[in-house]
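Structural description and commentary
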Amino acid sequence: MFPFTLERPGDADSAARLGSTPPAEYIAGGTDMMQLLTDEIRQPERLVALDGVLDDRIETAPDGTLRLGAAAKMSDIAADPDVSRAFPAIAEALLLSASGQVRNMATIGGNLLQRTRCPYFRDPGVSACNKRYPGSGCAAMDGANRTHAVLGGSAHCIATHASDVAVALVALDAEVHVLGSNGGRVVPLDELHRLPGETPHLETVLEPGELITAVVVPPSPAARHSHYLKVRDRVSFEFALTSAAVALDVDDGTIREARVAVGGVGTKPWRLRTVENALTGRIDDVDSYRAAAEHATEGAVTRAGNRFKPELMKRTIVRALREAGGRS
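Below is a short write-up of the structure.

Rules behind the numbers
Residues numbered from 1 in each chain as written. Predicted model: local features only at pLDDT ≥ 70, side-chain atom pairs only at ≥ 80, totals over all residues. Heavy atoms only, no water. Helix = DSSP H or I, 4+ residues; strand = E, 2+ residues; numbered from the N terminus. Rg over C-alpha atoms; globule rule 2.2 N^0.38 Å. Buried < 20%, exposed > 50% of the residue type's maximum accessible area, 1.4 Å probe, protein only. Contact = heavy atoms within 4.5 Å. Areas by Shrake-Rupley, 256 points an atom, 1.4 Å probe, with all protein chains shown as cover. Salt bridge = Lys/Arg side-chain N within 4 Å of Asp/Glu carboxyl O. Polar contact = N/O pair within 3.5 Å; in protein donor to acceptor, adjacent residues only side chain to side chain. Pairing = 2+ DSSP bridges. Axes fitted to C-alpha atoms, helices over the stretch in contact; angles between N-to-C directions.

Focus: the overall build of the chain
When helices and strands are tallied, the chain shows 13 helices and 12 strands. The globule rule puts the C-alpha radius of gyration for 328 residues at 20 Å, and the 19 Å found for the chain is close to it. If one aligns the C-alpha atoms of the chain with their principal axes, the spans along those axes are about 60 × 50 × 35 Å. Taking all 328 residues of the chain together, the buried fraction comes to 53%. For the chain, the proportion of contacts with a sequence separation of at least 24, taken over those separated by at least 6, is 63%. Entry remark: accessible area of the chain is about 14,100 Å², with carbon and sulfur atoms responsible for 49%.

Some remarks on unusual backbone geometry
Its identity as a non-glycine residue notwithstanding, Glu40 has a phi of 60°, on the positive side. For Glu40, the position within the fold is in the loop between helix H2 (33–38) and strand E3 (46–49). The backbone of Asp173 sits at a positive phi, close to 60°, despite the residue not being glycine. By the element assignment, Asp173 lies in the loop between helix H9 (165–171) and strand E6 (175–180). Judged by relative accessible area, which is 35%, Asp173 ranks as partly exposed.

Quick look at the pattern of salt bridges
Per the stated rule, a full pass over the model turns up 25 salt bridges. The partner of Glu7 in a salt bridge is Arg46, and the shortest N-O contact between them spans 3.6 Å. Of this pair, Glu7 sits in strand E1 (residues 5–7) while Arg46 sits in strand E3, and the two are 39 residues apart along the sequence. The class of Glu7 is partly exposed, set by a relative accessible area of 22%. Across the salt bridge formed by Arg122 and Asp32, the nearest N and O atoms sit 2.8 Å from each other. Here Arg122, found in helix H8 (residues 119–122), pairs with Asp32, found in the loop between strand E2 (24–27) and H2; they are 90 residues apart in sequence, far enough to count as distant. Asp32 carries the same exposure label as Arg122, and that label is buried.

With respect to helix H5 (residues 88–95)
Think of an α-helix as 3.6 residues a turn; residues three or four steps apart then line up on the same face. By the criterion of burial, H5 is predominantly enclosed, with 7 of the 8 residues buried. Of all the positions in H5, only Pro88, Ala89, Ile90, Ala91, Glu92, Ala93 and Leu94 are classed as buried.

Side note on the side chain of Gln114
Within the secondary structure, Gln114 sits in the loop between helix H7 (108–112) and H8. A residue is classified by how much of its surface remains accessible, and Gln114, at 10% relative accessible area, is buried. One polar contact links the side chain of Gln114 to the main-chain carbonyl oxygen of Asn111, over a distance of 3.0 Å. Those residues in contact with Gln114 that sit more than four places away from it in its chain are Asp32, His161, Ala162, Ser163 and Phe239.

Looking at the sheet that holds strand E11 (residues 254–263)
Reading across from one edge, E9-E10-E11-E12 is the order of the 4 strands in this open sheet, with antiparallel pairing throughout. Of all strands in the sheet, those with a lone pairing partner are strand E9 (226–231) and strand E12 (270–271), marking the two edges. The sheet contact formed by strand E10 (residues 242–251) and E11 spans 9 bridges and is antiparallel. Across the sheet, residue Val246 finds its bridge partner in E11, namely Val260. The strands that helix H13 (residues 309–327) touches are E9, E10 and E11; relative to E10, the one it contacts most, it runs at about 35°.

Side note on the sheet that holds strand E7 (residues 183–188)
Ordered in space as E4-E5-E8-E6-E7, the 5 strands form an open sheet in which the pairing is antiparallel. Every interior strand has two partners, whereas the edge strands, strand E4 (58–60) and E7, have only one. Each strand of the sheet is rotated relative to its neighbour by a mean of 20°, with strand direction disregarded. Contacting E6 and strand E8 (211–217), helix H1 (residues 12–19) crosses the sheet at an angle of about 70° to E6.

So far we have only geometry, and geometry alone does not tell us how the molecule works.
Laid out in structure tokens, this is it:
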């Protein structure tokens with residue numbers, strides 16, 4: 001492991017100041033960071049520990065707004081009855097993430113900022129990875145790319161974003177509260193992650209030293225009738241080939257509002273507003289779901305190994321909508 005200095009700040013403001021000077025990085029639950037440190041994928045000179053610094057509360061306001069402290073554990077959020085009742089897609093996405101042991105350690109803030117599971121990024125023996133070495137190339141382009149993105153990729157990177165719960169949170173219009181050395185700000189979760197473009201090593205809009213302090217999710221009738229579906233190669237501890245977070249507000253058999261986001265197929269959690277628009281005002285039935293899902297593949301670009309993903313993505317959306325429709 002690359003040697004580093006461990007900083008233990010007393011509060012969030014101190015953490016933001018300590019992290020504002022690169023190459024400092026943060027560690028919270030450490031479930032992803034420790035793997036990257038061990039394999040020397042990440043080599044920070046300073047590591048700022050957030051244990052005991054950030055809020056871990058799970059709170060529901062009188063108006064139904066959900067606030068998750070950034071240090072809240074994934075397992076605690078999934079087990080919270082208010083989350084399961086008002087935002088079932090969030091609880092389902094968390095329960096389908098990783099293993100029980102990992103969920104007991106991992107924080108919601110850290111989960112949103114986890115790094116890609118692209119095997120070329122995770123293999124220190126591979127030199128052609130623009131996320132690790134900008135300008136070095138992307139080995140996945142003509143390599144093993146079965147699990148890679150078909151939406152949002154560029155000529156420089158097609159790595160998928162790995163978080164399940166980020167997909168559900170994007171579908172439900174969540175926002176993240178961020179603290180930096182110059183104060184706080186609010187970022188819509190759909191805008192937190194960058195597209196790779198020509199700079200795939202820059203994965204989020206966070207500035208050096210900024211850290212997530214909370215995730216806030218607004219209530220809605222659609223959120224109460226939400227569902228998260230994950231399609232993967234095996235049931236236990238596996239990342240998504242495709243996934244869908246959907247939410248429907250149905251009145252007298254007609255869809256008043258729809259929310260749809262997908263995972264496993266995009267370089268970031270991918271909101272499908274064209275699918276949502278195609279569902280709104282339509283009869284709540286499987287024919288409407290199938291017709292709307294056809295819009296999901298607009299702009300998709302496949303490689304040799306992942307040509308199956310667009311069709312699988314459409315089917316995943318339809319299955320998720322059928323489940324959500326049954327809850328409305």
